[in-house]
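Residues per chain are reported as follows:
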Amino acid sequence: MPRLIENIDNPEDLRKLNISELTGLAGEIREEMLKVVSKTGGHLASSLGSVELAIAVHYAFNTPKDFILCDVGHQTYAHKMLTGRFKKFRSLRQLGGLSGFPNREESPEYDLFTTGHSSTSISAALGLVKSRELKGEANKIIAVIGDASLAGGMAFEALNHAGQAGKDIIIILNDNERSISKSVGALAKYLNRIISAPAYNKVRMDVERLVKRIPRFGFRAYRAARKLEEGLKNLLIPGMLFEEMGFRYFGPIDGHNVTQLVATFKNLMNLKEPILIHVITKKGRGYRFAEEDPASFHGTGPFDLDTGEKCEPEGASTFTEAFGEKIAELASRDPKIIAVTAAMLDGTGLNKFAKNFPDRFFDVGIAEEHAVSFAAGLARGGFRPVIAIYSTFLQRGYDQIIHDVCLQNLPVVFCLDRAGLVGEDGPTHHGIFDIAYLRNIPNLTFMAPATPAELGEMLEFAFGLNGPVAIRYPKGSAQDRAEKSAPIKMGKAQVVKKGKDLAMIALGSMVDIAFRTADTLSKKRIEATVVNARFIKPVDEELLAELCRDIKKIVTIEEGILDGGFGSSVLEFVERAGIRGVKARRIGLPDKFIEHGKRSELFSKYNLTPDAICDVIINEVMK
């Protein structure tokens, strides 16, 4: 007998099911999700916790005519299965397969935005509401946002605007028991069941109109009734913050009771005002290991379904691990060092620091702008803050980097993890823009280590400076090919291999690639100098001038976009110095958003492998 999920090609098929069948469907979706993600890796805990919510939203609302926007989007695996992508779900996060996040190219009908960053859904939903109004349409627009994302400043800006606008918009707050309030018992559920019923709301509006028509005392009586209602709700229902912002609040609701969810959504869908529905879910629901340790299964690699053990082999020390060890060591020697992160304690390797120095560790939540300005305040107060953050997420704090840190020339150290191609998380998470968006900021020193050990040396160097510093490093590890590492000196690169025919100036993660390219070239009787650039800003102008004078053939290699990147800074120096007769070639990533896939696959596709670089050098540079 086929499973229910196998007969669902779109939400219309879902809505043909009897509501009593939806719980069984949720079990089938979880089973498929676990089977696939245990092999591909992915964002498991949040998706397991959102299965009933996804089913109820598509069952109650008329999607795709009604628009659903999921904040961040890492919880959308069930959504994908219900919107025509079940048969392709086994290709999740594989090159050419389904994205792990909402993706417009994959499903323009159901994924209105390609997303991966948090706190954006309410703003986008409100824009769609206004668009609907201007076009004279009448569809429902629903934003689904988690409690962690709701803490982001942008989400509150949007709530403020939406409540003030008073338009027909539905916000579903998916609270996964990790912040905001819990259910306050049977009375709250009872009140919610009453006030979400159509009859209650019709009576409420009829009474409102009637009371307002009472001569002389109508509006005064209405205000008194509203105060009584608000006082009772404030006492019994933890949603008055939203009510004060202009929303009707309903909840908390059991996010795993699909029947109750559907009933609530259907009861409320005809209201024409800002509505916030508070749903309580549990991360990792249905898989014991994910329920017990949701952080480990937030973003996981392949794992053994029976034991929950990760299948990833032990390898060399990663850049993230090296950062975590070194920053804890430095903090043990310097009580002024403070670590700041934006909801990325585990991902950035700050666990040891947080454990050893809890009074000097601050996780500010998903609030990158605040994190940067908070660090600026710490620096102005005489401390030495380090902000550990993914490259892609630091984009969100760009104005604060310029205005609050670099303009003030404050000693804040930015450690940009996941710089370059991150792999399976795709375009919203690749850290390929930071070189271009940071190297043009005055006062900022910008470095990139070739190895985890060199990252430690750069951290030591950074805390010896009295101004802002950024250090970018990739996901994973790198092989150390240098015979001897020279001390870090301001703006100085390191020549790690000498050759007479051309010079390859490689940045950070690409130094090992350059070494391997040089080995291949040597077999073809082309001897290359390999330079570990170390500094993106300032560049080593003395060495560049020497290479241009003595070798004249220059190739730059970087794991970032070429436009405005490290290679551009080398060409700018050549132009600025008035050097002629130099043949230069930049190698890096094109001016496009890079899709998801394994790092090795993406390196091959975008010609960042030793063989591909060797071909470019032989066919273009050496001719």
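The structure under discussion appears in the preceding block.
Model, not experiment: these values are computed from the prediction.

The rules behind the values
- Residues numbered from 1 in each chain as written.
- Predicted model: local features only at pLDDT ≥ 70, side-chain atom pairs only at ≥ 80, totals over all residues.
- Heavy atoms only, no water.
- 1 Å grid on protein atoms, 1.4 Å probe; cavity = no way out; pocket = protein on both sides within 12 Å on 5 of 7 lines; lining within 4 Å.
- Points joined across faces, edges and corners; volume = space filled by probe spheres on them.
- Nonpolar A, V, L, I, M, F, W, Y, C, P; charged D, E, K, R; others polar.
- Helix = DSSP H or I, 4+ residues; strand = E, 2+ residues; numbered from the N terminus.
- Pairing = 2+ DSSP bridges.
- Axes fitted to C-alpha atoms, helices over the stretch in contact; angles between N-to-C directions.
- Contact = heavy atoms within 4.5 Å.
- Buried < 20%, exposed > 50% of the residue type's maximum accessible area, 1.4 Å probe, protein only.
- Right-handed = clockwise from strand over helix to strand, strands pointing away.
- Parallel < 35°, antiparallel > 145°, perpendicular 65-115°, else oblique.
- Core = buried A, V, L, I, M, F, W, Y, C linked by side-chain atoms within 4.5 Å.
- Expected span 1.5 Å × (residues − 1).
- Arc of directions from axis to C-beta.
- Polar contact = N/O pair within 3.5 Å; in protein donor to acceptor, adjacent residues only side chain to side chain.
- Salt bridge = Lys/Arg side-chain N within 4 Å of Asp/Glu carboxyl O.

Caption draft 1: Structural context of the layout of surface pockets. Of the voids in this model, the second largest pocket is the one considered here, and its volume is about 530 Å³. Lining of the second largest pocket is provided by 22 residues; of these, Asn103, Glu105, Thr114, Pro427 and Phe593 occupy positions nearest its centre. Residues belonging to the lining of the second largest pocket are distributed by class as follows: five nonpolar, eleven polar and six charged.

Caption draft 2: Layout of unusual backbone geometry. Omega for the peptide link from Gly251 to Pro252 comes to -5 degrees, which places this bond in the cis form. Examined against the element boundaries, Pro252 turns out to sit in strand S4 (residues 248-254). The omega angle of the peptide bond from Lys537 to Pro538 is 0 degrees, so this bond is cis rather than trans. Locating Pro538 in the fold gives a position in the loop between strand S15 (535-537) and helix H23 (541-550). Positive phi values are uncommon outside glycine, yet Val72 reaches one of about 65 degrees.

Caption draft 3: Region of interest: the environment of Met622. Its location among the elements puts Met622 in the segment after helix H26 (610-621). Sequence spacing of Met622 and Ile526 is 96 residues, and the spatial spacing of their C-alpha atoms is 9.0 Å.

Caption draft 4: Broad picture of the sheet that holds strand S16 (residues 553-561). Spatially, five strands are ordered S12-S14-S13-S16-S17 in an open sheet, and the strand pairing comes out mixed. Here the strands that pair on one side only, and so sit at the sheet edges, are strand S12 (494-497) and strand S17 (583-589). For this sheet, the mean inter-axis angle between neighbouring strands, taken without regard to orientation, is 25 degrees. Packing against the sheet, H26 makes contact with strand S13 (502-506), S16 and S17, and its axis sits at approximately 150 degrees to S17.

Caption draft 5: Up close: the sheet that holds strand S2 (residues 141-146). As summarised here, the arrangement of the five strands in space is S1-S2-S3-S5-S4, forming an open sheet in which the pairing is parallel. Strands with a single pairing partner mark the edges of an open sheet, and in this sheet they are strand S1 (67-70) and S4. Between one strand axis and the next, the sheet turns through 20 degrees on average, direction left out of account. Inspection of the sheet shows strand S3 (residues 169-175) paired to strand S5 (residues 274-280) by seven bridges, in the parallel sense. Residue pairing in the sheet places Ile170 in a bridge with Ile275 of S5.

Caption draft 6: Region of interest: the pairing of S5. The buried fraction of S5 is high, at seven of seven residues. Side chains Pro274, Leu276, His278 and Ile280 project from S5 onto one buried face, and the interleaved Ile275, Ile277 and Val279 project onto a second face that is buried too. Two elements, S4 and S5, share five bridges in a ladder whose sense is parallel. Looking across to S5, one finds that Asp254 is bridged to Ile280. Since S4 and S5 lie parallel, the crossover through helix H13 (residues 258-268) that links them has a hand, and here it is right-handed.

Caption draft 7: Here's a closer look at the packing of helix H6 (residues 121-135) against helix H8 (residues 153-165). For the pair H6 and H8, interaxial distance at closest approach is 7 Å and the crossing angle is 30 degrees. One way to sum up the angle between H6 and H8 is to call them roughly parallel. In this structure, H6 uses Ile122, Ser123 and Leu126 to contact H8, whose residues at the interface are Met154, Ala155, Ala158, Leu159, His161 and Ala162. In terms of residue class, the contact of H6 with H8 is built from seven nonpolar, two polar and no charged.

Caption draft 8: Inspection of the nonpolar core at higher detail. One finds Leu25, Ile29, Met33, Ile55 and Phe265 to be the most contacted residues of the largest nonpolar core, which totals 55 residues. Setting aside anything within four residues of it in sequence, one finds Ile29 in contact with Ile5, Val51, Ile55, Ala78, Met81 and Leu82. Grouped together as the second largest cluster of nonpolar side chains are 47 residues, Tyr390, Phe393, Ala448 and Ile505 included.

Caption draft 9: Broad picture of H6. Between its terminal C-alpha atoms H6 stretches 21 Å, which fits the 21 Å expected from 15 residues at 1.5 Å a residue. Residues Ser121, Ile122, Ala125, Leu126, Leu128, Val129 and Arg132 constitute the buried set of H6. Each buried residue of H6 sits inside an arc of 160 degrees when the element is viewed along its axis, so together they form one side. For H6, the exposed residues lying more than 90 degrees away from the buried face are Leu134 and Lys135. Those residues of H6 hidden inside the fold are in contact with S1, S2, helix H7 (147-150), H8 and S3. Directly after H6, the chain includes Gly136, whose backbone phi takes a positive value near 70 degrees.

Caption draft 10: Here's a closer look at the side chain of Arg396. With respect to the secondary-structure elements, Arg396 resides in the loop between helix H18 (391-394) and helix H19 (398-406). Judged by relative accessible area, which is 19%, Arg396 ranks as buried. Side chain to side chain, Arg396 and Glu368 meet in a polar contact 2.8 Å long. Not counting the four nearest positions on each side in its chain, Arg396 is found in contact with His117, Ser118, Ser119, Thr120, Ile366, Glu368 and Glu369.

Caption draft 11: Up close: the pattern of salt bridges. In the structure shown here, the tally under the stated rule is 35 salt bridges. Taking the shortest distance from any N to any O, the salt bridge between Lys130 and Glu133 comes out at 3.3 Å. Residue Lys130 and its partner Glu133 are both found in helix H6; the two are separated by three residues, about one turn of the helix. The exposure class of Lys130 is partly exposed, given its relative accessible area of 40%. For Glu133, a relative accessible area of 37% corresponds to the partly exposed category. Of the charged contacts in the structure, one is a salt bridge between Glu572 and Arg439, with a shortest N-O distance of 2.7 Å. Of this pair, Glu572 sits in helix H24 (residues 566-577) while Arg439 sits in the loop between helix H20 (434-438) and strand S10 (445-447), and the two are 133 residues apart along the sequence. With relative accessibility at 33%, the residue Glu572 sits in the partly exposed group.

Take it as geometry only, folks, not as evidence of what the structure does.
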